[in-house]
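Residues per chain, in single letters:
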Amino acid sequence: MSSSAIAITGSGISVPEHTITNEELCVGFNAYVRLFNDENAAAIAKGEVVELRESTAEFIETASGIKQRYVVNKSGILDPRIMRPVIEQRPDEELCHQAELAVRACKQALENAGRVGEDVDMVLLASSNLQRPYPAVAMEVQDAIGARGYAYDMNVACSSGTFAIQTAVDNVRAGSASCAIVVVPEIMSGHLNWCDRDSHFIFGDGCAAFVIEPLATSRVDQPWTVLGTKALTRYSHNIRNNGGYLGRCEPERRDEPDKLFMQQGRKVFKDIVPLAATFIREHIESLDIDPERVSRYWLHQANANMNRLIAKRVVGRDTEPHEAPTILDTYANTAGAGSMIAFHLHNQDMAAGSTGVLCSFGAGYSIGSILLRRQ
Ligand code: COA
């Protein structure tokens, strides 16, 4: 391995304390549907308002593989009169919600890497949604863990994690930083339209963090060497969120549904499966590795059926569950953190010399692929 080899030397995850099962979610959602239909009965009868339909736990699990999700606040989401998490802004002197989730994952990742905050000189916080524009949440995390150097935020939606890993690897390899931490705290419950039957079940809150440093400085026995990274973006409206700071300039439209997560799920499925499969396969082959010899695929965690298809197209056969592990049943879609959480939970059993691919695909469209080998 070359002296400039870069490695992932520790990982950590964190989740908020509340969980919501599909069954609980549907009880709350269906109560909202009945309330809405009762209150709008006259307009529905006249054809002026579309009657809402109920959701089922069976559909959610079959269509996506999701059984439950972690959320920062449960009571608001399940209250048919609220239908959103109730999350109060904390005083500026306290850690904000997103930084709190991030700090917990960072501490675990540092411990697993045999490092302390002071060893870190780059904090890259990547997320689909940032709690505020500035100062960077990354700087708050940098301060809380006692890191040195520089910190900044970035957002590539569901590919935030893989794109940040690529950036951190490049920074460490170039010598701009000696030890980086990539942290991906996703409070997806805050941007989800809990009133929308097509998407109310998709996301969960969660966070993952990786310590990235030269292989030569690793303090752990079996770090994961980064063999290559690759990123792609292709503009599409099929997953979109028009929320943003200009919303206050048109207050009459500020709370319209397009200011939250929206997607054409079927179209996304059809576009992403071939795009991601070809991209991942070409990345692996460009590094002279046979996709069949890759031991594990930590795929983006959006849909279990989609992952089965992508893994099959990459490897050329049906894969066993352990080859492309899913965490959707427990965590749902945690956007940029999903494949990193899958890595954290499913890498310790792998032998020295084995390879794995960590990848993401989502809004943008954006696709990221990180090829790893265990020392
Ligand atoms: N409960 C019960 N039925 C539901 C439902 C719900 N919550 N939501 C939709 N349905 C119904 C629909 O009405 C439709 O029935 P109909 O044909 O009688 O009208 C049927 O189920 C199929 O709906 P559809 O939206 O086509 O489902 P799907 O199989 O495409 O699954 C997703 C929906 C979102 C799970 C799936 O499309 C997906 O995951 N796509 C990829 C999304 C992705 O990767 N996004 C990236 C985000 S990071």
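Residues numbered from 1 in each chain as written. Predicted model: local features only at pLDDT ≥ 70, side-chain atom pairs only at ≥ 80, totals over all residues. Heavy atoms only, no water.

Asks: Quick rundown of the site of the ligand? Include the residues and the values.
Replies: Around the ligand, 20 residues are found, and the nearest of them are Ser55, Cys158, Gln263, Arg266 and Asn303. The contact in question runs from a nitrogen atom of the ligand to an N or O atom on the backbone of Arg197, over 3.0 Å. Here Gly265 contributes a backbone N or O atom positioned 3.1 Å from a nitrogen atom of the ligand. When isolated, the ligand has an accessible area of 970 Å², and the protein chains bury 74% of it. Within the residue set of the shell around the ligand, elements represented by two or more residues are helix 3 (57–64) and helix 8 (265–286). Take the shell around the ligand: its biggest share by element is 4 residues, from helix 8. Considered class by class, the residues forming the shell around the ligand number 8 nonpolar, 8 polar and 4 charged. (Near = heavy atom within 4 Å. Polar contact = N/O pair within 3.5 Å; in protein donor to acceptor, adjacent residues only side chain to side chain. Areas by Shrake-Rupley, 256 points an atom, 1.4 Å probe, with all protein chains shown as cover. Helix = DSSP H or I, 4+ residues; strand = E, 2+ residues; numbered from the N terminus. Nonpolar A, V, L, I, M, F, W, Y, C, P; charged D, E, K, R; others polar.)

Asks: How would you sum up the sheet that holds strand 11 (residues 296–298)? Please name residues and give values.
Replies: Pairing is mixed in the open sheet, where 9 strands are placed in the order 5-4-6-7-1-8-13-12-11. Looking along the sheet, the strands with just one partner apiece sit at the ends: strand 5 (150–154) and strand 11. Within this sheet the neighbouring strands show an average axis-to-axis angle of 25°, counted without direction. Bridging between strand 11 and strand 12 (residues 355–362) involves 3 bridges; their strand directions are parallel. Bridge pairing in strand 12 places Arg296 opposite Gly356. (Pairing = 2+ DSSP bridges. Axes fitted to C-alpha atoms, helices over the stretch in contact; angles between N-to-C directions.)

Asks: Summarise helix 9 (residues 304–315); cite the residues concerned and give the values.
Replies: Taking 1.5 Å of rise per residue, the 12 residues of helix 9 would be expected to cover 16 Å, and the 16 Å separating its terminal C-alpha atoms lies within 8% of that figure. Buried within helix 9 are the following residues: Ala304, Met306, Asn307, Ile310, Ala311, Val314 and Val315. Each buried residue of helix 9 sits inside an arc of 150° when the element is viewed along its axis, so together they form one side. Those residues of helix 9 hidden inside the fold are in contact with helix 3, helix 8, strand 11, helix 10 (328–331) and strand 12. The N-cap residue of helix 9 is Asn303: its side-chain oxygen and the backbone nitrogen of Asn305 are 2.8 Å apart. Gly316, located one to two residues past helix 9, shows a positive phi value of around 90°. (Expected span 1.5 Å × (residues − 1). Buried < 20%, exposed > 50% of the residue type's maximum accessible area, 1.4 Å probe, protein only. Arc of directions from axis to C-beta. Contact = heavy atoms within 4.5 Å.)

Asks: Break down the nonpolar core for me, citing the residues and quoting the values.
Replies: Core analysis: the biggest nonpolar cluster contains 47 residues, and Ile280, Ile284, Tyr297, Leu299, Ile310 and Phe361 have the highest contact counts within it. Among the secondary structure elements, those contributing two or more residues to this core are helix 1 (22–39), helix 8, helix 9, strand 12 and strand 13 (366–374). For this core, the element with the most residues is helix 8, which contributes 9 residues. Setting aside chain neighbours within four positions, we find Leu299 in contact with Ile280, Asn307, Ile310, Ala311, Ala324, Ser339, Cys359 and Phe361. If you look at the next biggest cluster of nonpolar residues, it comprises 37 residues, including Val15, Leu124, Phe210 and Ala342. (Core = buried A, V, L, I, M, F, W, Y, C linked by side-chain atoms within 4.5 Å.)

Asks: Describe unusual backbone geometry, with residues and values.
Replies: Cis geometry is adopted by the peptide bond preceding Pro135, which originates at Tyr134 and carries an omega value of -5°. With respect to the element layout, Pro135 can be found in the loop between strand 4 (122–126) and helix 6 (137–145). Omega for the bond connecting Gly364 with Tyr365 falls within 30 degrees of zero, at -5°, which places this linkage in the cis form. As for its placement among the helices and strands, Tyr365 is situated in the loop between strand 12 and strand 13.

Asks: Would you mind going over the environment of Thr355 in detail, with residue names and values included?
Replies: With respect to the helices, strands and loops of the structure, Thr355 is situated in strand 12. Aside from chain neighbours lying at most four places away, what touches Thr355 is Leu227, Arg293, Val294, Ser295, Arg296, Met350, Leu372 and Arg373.

Asks: How would you explain the packing of helix 1 against helix 3 if you had to name every residue and give the values?
Replies: Running from N to C, helix 1 and helix 3 point in directions that differ by 130°, and their axes come no closer than 8 Å. The angle between the axes of helix 1 and helix 3 places the two elements in the oblique class. Like other packed secondary-structure pairs, helix 1 and helix 3 cross with a definite hand, here right-handed. The residues of helix 3 that touch helix 1, namely those facing Asn22, Glu23, Leu25 and Cys26, are Ala57, Ile60 and Glu61. In the contact of helix 1 with helix 3, the residues fall into 4 nonpolar, 1 polar and 2 charged. (Parallel < 35°, antiparallel > 145°, perpendicular 65-115°, else oblique. Left-handed = near helix turned anticlockwise from the far one by under 90°.)

Asks: How would you sum up the packing of helix 5 (residues 97–113) against helix 6? Please name residues and give values.
Replies: It is the contact of helix 5 with helix 6, at a shortest axis distance of 9 Å, that shows an interaxial angle of 50°. Judged by the inter-axis angle, helix 5 sits oblique to helix 6. Crossing of helix 5 against helix 6: the hand is right-handed. When helix 5 is examined against helix 6, the residues Gln98, Ala99, Ala102, Val103, Cys106 and Leu110 are found in contact with a partner set consisting of Val137, Glu140, Val141, Ala144 and Ile145. By residue class, the composition of the contact of helix 5 with helix 6 is 9 nonpolar, 1 polar and 1 charged.

Asks: Please give an account of the side chain of Ser14 that cites residues and values.
Replies: Looking at where Ser14 falls in the secondary structure, it is placed in strand 1 (residues 6–14). Only 2.7 Å separates the side chain of Ser14 from the backbone oxygen of Leu101, close enough to count as a polar contact.

Asks: Can you break down the environment of Ala5 residue by residue, with the values?
Replies: By the secondary structure assignment, Ala5 is in the segment before strand 1. Expressed as a C-alpha distance, the spacing of Ala5 and Ile272, which sit 267 residues apart in the sequence, is 31 Å. Those residues within four positions of Ala5 in sequence are excluded, and the remaining contacts are Pro214, Leu215 and Thr225.

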